[in-house]
Amino acid sequence: MSEHTVLLDVQHLQTYFPIKGGVVHKTVGHVHAVEDVSFQIREQETFGLVGESGCGKSTTGRTILRLIEPTGGKIFFDGQDLCQLDREAMRQKRRDMQLVFQDPYSSLNPRMTVRRLLEEPLQTHFTLTQKEMNEQVLWIAHAVGLSPEQLERYPHQFSGGQRQRVSIARALITKPRFVVADEPVSALDVSIQAQILNLLFSLQEELKLSYLFISHDLNVVRHISNRIGVMYLGRIMEQGNTESVYRNPLHPYTRALLSAIPKLDPLEEKHRIQLEGDVPSPANPPKGCPFHDRCSKCMEICKQSVPEEKELEPGHRVSCHLYD
Ligand code: SF4
């Protein structure tokens, strides 16, 4: 683990969405998108949040940035409780906390040139002269591998990989300290994915960034993350140093996910753990361990009580009754 100080400290985060029903459009229930999520990210560290689609990882990222309001829990950034900030203070804080989207095409205004797209966040967060703004735009364009000529083009004139470079430049031009990267390479060809991952990695070194890297792809997460958290139905089931979790997965869900990664040796395929059933609905989460109705190791206690998180080796924590 990085020896740097903690930058982000998420404690028991909850995000529920109301379900409306009936003729008067009353709240008839809640989707428990994020149920109880706690983790820390240190300065210049990448924390990978991994899990199947719908497990709550993107909602976790957006709630940390308060693009979605949390239902409960605390979010400390550089020691400050973000939930206590009013709208204006939070708007200013976003200069330090940015988001890179999966689909850059939908997040970039098609009527703006790249130059305008890059100037916009500078105008929102700083008071700069045109000369200073030009310098910043040229600096970030160079840092992400865009030429000065490309600044005068529109998003539709770029390939998917180049558009993601624009999107990264737009997120980083305010020199944030923390970036939520939400499936930033999932929409790209495999050959381009490595280029964008390497770019994120080199920018992290140059700008001393911390990342929350969200992905369903365990190979991608392993490549970029110092530590990972495995999410299921709004909770982190296991977290620890990336190598420790990949080498010695403790939670039955992590084991099943890792066993499903295609192996180079076809004979290894026989060790694949087949997950039975579907992910339960977050509108009606099961009692006890959220994984119990798909777990081959399920015991009676698993159906009754949610397992507490336990640290089994330094920094490697798991929520499972097998380790009570
Ligand atoms: Fe399986 Fe029980 Fe562990 Fe849940 S707590 S993962 S059901 S063994």
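Parameters and conventions
- Residues numbered from 1 in each chain as written.
- Predicted model: local features only at pLDDT ≥ 70, side-chain atom pairs only at ≥ 80, totals over all residues.
- Heavy atoms only, no water.
- Helix = DSSP H or I, 4+ residues; strand = E, 2+ residues; numbered from the N terminus.
- Rg over C-alpha atoms; globule rule 2.2 N^0.38 Å.
- Buried < 20%, exposed > 50% of the residue type's maximum accessible area, 1.4 Å probe, protein only.
- Areas by Shrake-Rupley, 256 points an atom, 1.4 Å probe, with all protein chains shown as cover.
- Lys, Arg positive; Asp, Glu negative; His and termini not counted.
- Charge placed at Lys NZ, Arg CZ, Asp CG, Glu CD.
- Core = buried A, V, L, I, M, F, W, Y, C linked by side-chain atoms within 4.5 Å.
- Contact = heavy atoms within 4.5 Å.
- Salt bridge = Lys/Arg side-chain N within 4 Å of Asp/Glu carboxyl O.
- Near = heavy atom within 4 Å.
- Nonpolar A, V, L, I, M, F, W, Y, C, P; charged D, E, K, R; others polar.
- Patch = residues over 30% accessible without salt bridge, like charges linked within 9 Å, V, L, I, M, F, W, Y side chains within 5 Å.
- Phe/Tyr/Trp six-rings, centres within 6.5 Å; stacked < 30°, edge-to-face > 60°.
- Lys NZ or Arg CZ within 6 Å of the ring centre and 35° of its normal.
- Axes fitted to C-alpha atoms, helices over the stretch in contact; angles between N-to-C directions.
- Parallel < 35°, antiparallel > 145°, perpendicular 65-115°, else oblique.
- Left-handed = near helix turned anticlockwise from the far one by under 90°.

1. Here's the deal with the overall build of the protein
Helices and strands together make up the secondary structure of the protein, namely ten helices and twelve strands. Its C-alpha radius of gyration of 21 Å places the protein within 12% of the 20 Å reference for a compact globule of 324 residues. Out of the 324 residues belonging to the protein, those deemed buried represent 48%. For the protein, the computed accessible surface area is about 15800 Å², with 49% contributed by carbon and sulfur atoms. Computed over 37 positive and 40 negative side-chain charges, the separation of the two mean positions in the protein equals 3 Å.

2. Considering the nonpolar core
Membership of the largest hydrophobic core comes to 55 residues, with the highest contact counts inside it found for Leu118, Ile140, Val144, Ile168, Leu172, Leu203 and Phe213. If sequence neighbours within four positions are ignored, Val144 has contacts with Arg165, Ile168, Ala169, Leu199 and Leu203. Within the second largest apolar cluster, 26 residues are counted, among which are Leu7, Val10, Leu85 and Phe178.

3. Points about the pattern of salt bridges
This structure, assessed with the given rule, holds 17 salt bridges. The shortest N-O distance in the salt bridge between Glu43 and Arg177 comes to 3.3 Å. Taken as a pair, Glu43 in the loop between strand E2 (26-42) and strand E3 (46-50) and Arg177 in the loop between helix H6 (160-172) and strand E7 (178-182) lie far apart in primary sequence, 134 residues in all. For Glu43, a relative accessible area of 24% puts it in the partly exposed group.

4. Digging into the site of the ligand
The local shell around the ligand consists of His251, Pro252, Cys289, Phe291, His292, Cys295, Lys297, Cys302, Pro307, Cys320, His321 and Leu322. Here the shell around the ligand is built from residues that sort into eight nonpolar, three polar and one charged.

5. Description of a nonpolar patch on the surface
On the surface, a cluster of nonpolar side chains totalling about 220 Å² of accessible area is made up of Met299, Ile301 and Leu322. Counting through the fold element by element, Leu322 comes out in the segment after strand E12 (316-319). Here Leu322 falls in the partly exposed class, since its relative accessible area comes to 35%.

6. Concerning the packing of aromatic side chains
Inspection of every chain in the model, using the stated rule, returns five aromatic pairs. Their ring planes at 85 degrees and their centres at 5.1 Å tell us that Tyr232 and Phe291 sit as a pair that is edge-to-face. With Tyr232 in strand E9 (residues 227-232) and Phe291 in the loop between helix H10 (252-259) and strand E11 (309-313), this pair connects stretches of sequence that are 59 residues apart. The burial state of Tyr232 is the same as that of Phe291; both residues are buried. Against the face of Trp139 rests Lys175, its NZ or CZ located 4.7 Å from the ring centre.

7. A short note on the environment of Gln304
Within the secondary structure layout, Gln304 lies in the loop between H10 and E11. Measuring from C-alpha to C-alpha, the distance between Gln304 and Pro286 comes to 9.5 Å, with 18 residues separating the pair along the chain.

8. Let's talk about the packing of helix H5 (residues 130-144) against helix H7 (residues 190-207)
Their axes nearest at 10 Å, the elements H5 and H7 cross at an angle of 135 degrees. Overall, the two elements H5 and H7 adopt an arrangement that is oblique. Contact residues: H5 offers Trp139, Ala143 and Val144, while H7 offers Leu199, Leu203, Glu206 and Leu207. Partitioned by chemical class, the residues of the contact of H5 with H7 number six nonpolar, no polar and one charged.

9. A word on the packing of H5 against H6
Each pair of packed helices can be described by the angle between their axes along with the distance between the axes. With their axes 9 Å apart at the nearest point, H5 and H6 run at an angle of 135 degrees to one another. Our classification of the angle between H5 and H6 gives oblique. As for how H5 packs across H6, the hand of that crossing is right-handed. Packed against H5, whose contacting residues are Trp139, Ile140 and Val144, the element H6 presents Arg165, Ile168, Ala169 and Leu172 at the interface. Taken together, the residues of the contact of H5 with H6 sort by class into six nonpolar, no polar and one charged.

10. Focus: unusual backbone geometry
The backbone of Arg66 sits at a positive phi, close to 55 degrees, despite the residue not being glycine. Within the element layout of this structure, Arg66 appears in the loop between helix H1 (57-64) and strand E4 (72-77). Relative accessible area serves as the criterion here: at 12%, Arg66 is assigned to the buried category. Its identity is not glycine, yet Leu233 carries a phi of approximately 50 degrees, on the positive side. Summarising the element assignment, Leu233 is placed in the loop between E9 and strand E10 (235-241). Note on Leu233: relative accessible area 7%, which makes it buried.

So, to be careful, I would describe these as geometric facts and stop short of saying anything about function.
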